[in-house]
Amino acid sequence: MTTIDLNADLGEGMGHDEDLLEIVSSASIACGGHAGDAATIRHILKYCKARGVRAGAHPGYADPKRFGRFRVVMPLDQLLAQIRSQLFLVRFIADEVGVPLAYVKLHGALANQTAEELAFAVGIFAAIQAMNPKMAVLALDNSQQVRAAKAVGMPLIREAYADRAYTADGLLVPRSAEGAVIHDSDAVIARCLRLAKAGEIVAVDGTVLKSSARSICIHGDTPGAVDLARDIRHALEDEGITIGAVAPDAAAG
């Protein structure tokens with residue numbers, strides 16, 4: 001039986017986190033960089049505990065005014081300090097609440113940069129692994145994130161995006177480009193079904209990309225996110241697909 005993990009980026013101030021937590025199987029929690037604070041982190045972690053939703057950390061550039069969606073030029077040590085600070089905060093609260101942090105997923109511009117640049121991704125993932133060798137990474141499938149995770153020996157959960165357009169080389173179309181975010185719910189659902197059943201994603205130029213992703217991201221800040229998430233879940237379940245937190249691939253190191 002096929003199992004698909006539905007993950008959502010939460011704690012970003014959109015006002016419907018609890019509704020999404022009734023639908024998804026994994027929660028990527030903003031931890032004070034692009035969004036979120038101790039109160040929002042604690043609230044979501046308590047809800048994860050009550051609902052049995054897998055919890056993960058969602059760090060990004062500490063740039064809340066621009067929601068972490070623009071690359072910031074800074075020394076690597078400074079960036080790593082930002083990431084560690086965010087992970088320390090969410091880990092401290094998770095320990096307090098009694099919820100294990102299962103994975104880390106990078107946000108926004110930081111995620112895109114690590115998806116494109118192998119050496120950069122290796123540096124980021126190595127720093128995260130040093131904090132917690134058992135921490136998995138939720139990584140964009142077929143990107144440099146996957147290669148970096150393997151290089152440093154991090155457990156790996158391969159991810160695809162329900163509502164984002166792809167380039168022919170398997171990366172996300174920049175949000176600045178027209179059509180980067182897919183708003184047609186029927187098209188999004190069809191993409192999710194094709195990925196789950198055939199392991200395929202169609203890029204903007206018609207290229208058919210093969211994907212081993214077993215986790216599908218639903219953006220919490222997409223208009224109509226709750227209804228879309230519910231419709232995706234129902235469509236997958238109607239095809240006999242189980243929704244659940246898939247186990248990561250074992251560390252390669």
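Preceding block: the structure.
Read on for an overview of the structure. (Residues numbered from 1 in each chain as written. Predicted model: local features only at pLDDT ≥ 70, side-chain atom pairs only at ≥ 80, totals over all residues. Heavy atoms only, no water.)

### With respect to the packing of helix α7 (residues 185-198) against helix α8 (residues 225-238)
Contact geometry for α7 and α8: axes closest at 10 Å, N-to-C directions at 40°. Classified by the interaxial angle, the pair formed by α7 and α8 is oblique. Both α7 and α8 take part in a crossing whose hand is right-handed. Contacts between α7 and α8 involve S185, V188, I189, C192, L193 and A196 from the first element and L228, D231, I232, A235 and L236 from the second. Class assignment of the residues belonging to the contact of α7 with α8 gives a composition of nine nonpolar, one polar and one charged. (Axes fitted to C-alpha atoms, helices over the stretch in contact; angles between N-to-C directions. Helix = DSSP H or I, 4+ residues; strand = E, 2+ residues; numbered from the N terminus. Parallel < 35°, antiparallel > 145°, perpendicular 65-115°, else oblique. Left-handed = near helix turned anticlockwise from the far one by under 90°. Contact = heavy atoms within 4.5 Å. Nonpolar A, V, L, I, M, F, W, Y, C, P; charged D, E, K, R; others polar.)

### A short note on the pattern of salt bridges
Under the definition given, this model contains 15 salt bridges. The shortest N-O distance in the salt bridge between E22 and R51 comes to 3.4 Å. Taken as a pair, E22 in the loop between α1 (17-21) and β2 (26-30) and R51 in helix α2 (residues 38-51) lie far apart in primary sequence, 29 residues in all. A cluster of three or more residues bridged by salt bridges with shared partners is formed by D9, K105 and E159. (Salt bridge = Lys/Arg side-chain N within 4 Å of Asp/Glu carboxyl O.)

### Focus: the nonpolar core
Judged by nonpolar contacts, the single largest core of 81 residues is most densely connected at F125, I128 and I232. In terms of residue count, helix α3 (residues 76-97) provides more of this core than any other element does, eight residues in total. Counting five residues, the second largest nonpolar core, distinct from the first, contains Y103, L138, I157 and V246. (Core = buried A, V, L, I, M, F, W, Y, C linked by side-chain atoms within 4.5 Å. Buried < 20%, exposed > 50% of the residue type's maximum accessible area, 1.4 Å probe, protein only.)

### Overview of α8
End to end, α8 covers 20 Å across 14 residues, agreeing with the expected 20 Å (1.5 Å per residue, within 8%). All of the buried residues along α8 are A225, V226, L228, A229, I232, A235 and L236. Where the residues of α8 are buried, they touch β1 (3-10), α1, α7, β9 (215-218) and β10 (242-243). Positive phi appears at G240, one or two residues downstream of α8, with a value of about 80°. (Expected span 1.5 Å × (residues − 1).)

### Overview of the layout of surface pockets
Of the voids in this model, the largest pocket is the one considered here, and its volume is about 530 Å³. Contributing to the lining of the largest pocket are 30 residues, with G108, A109, N112, R164 and L172 lying nearest its centre. Elements with a minimum of two residues in the lining of the largest pocket: α4 (108-116), β5 (136-140) and β6 (156-161). The element best represented in the lining of the largest pocket is α4, accounting for six residues. (1 Å grid on protein atoms, 1.4 Å probe; cavity = no way out; pocket = protein on both sides within 12 Å on 5 of 7 lines; lining within 4 Å. Points joined across faces, edges and corners; volume = space filled by probe spheres on them.)

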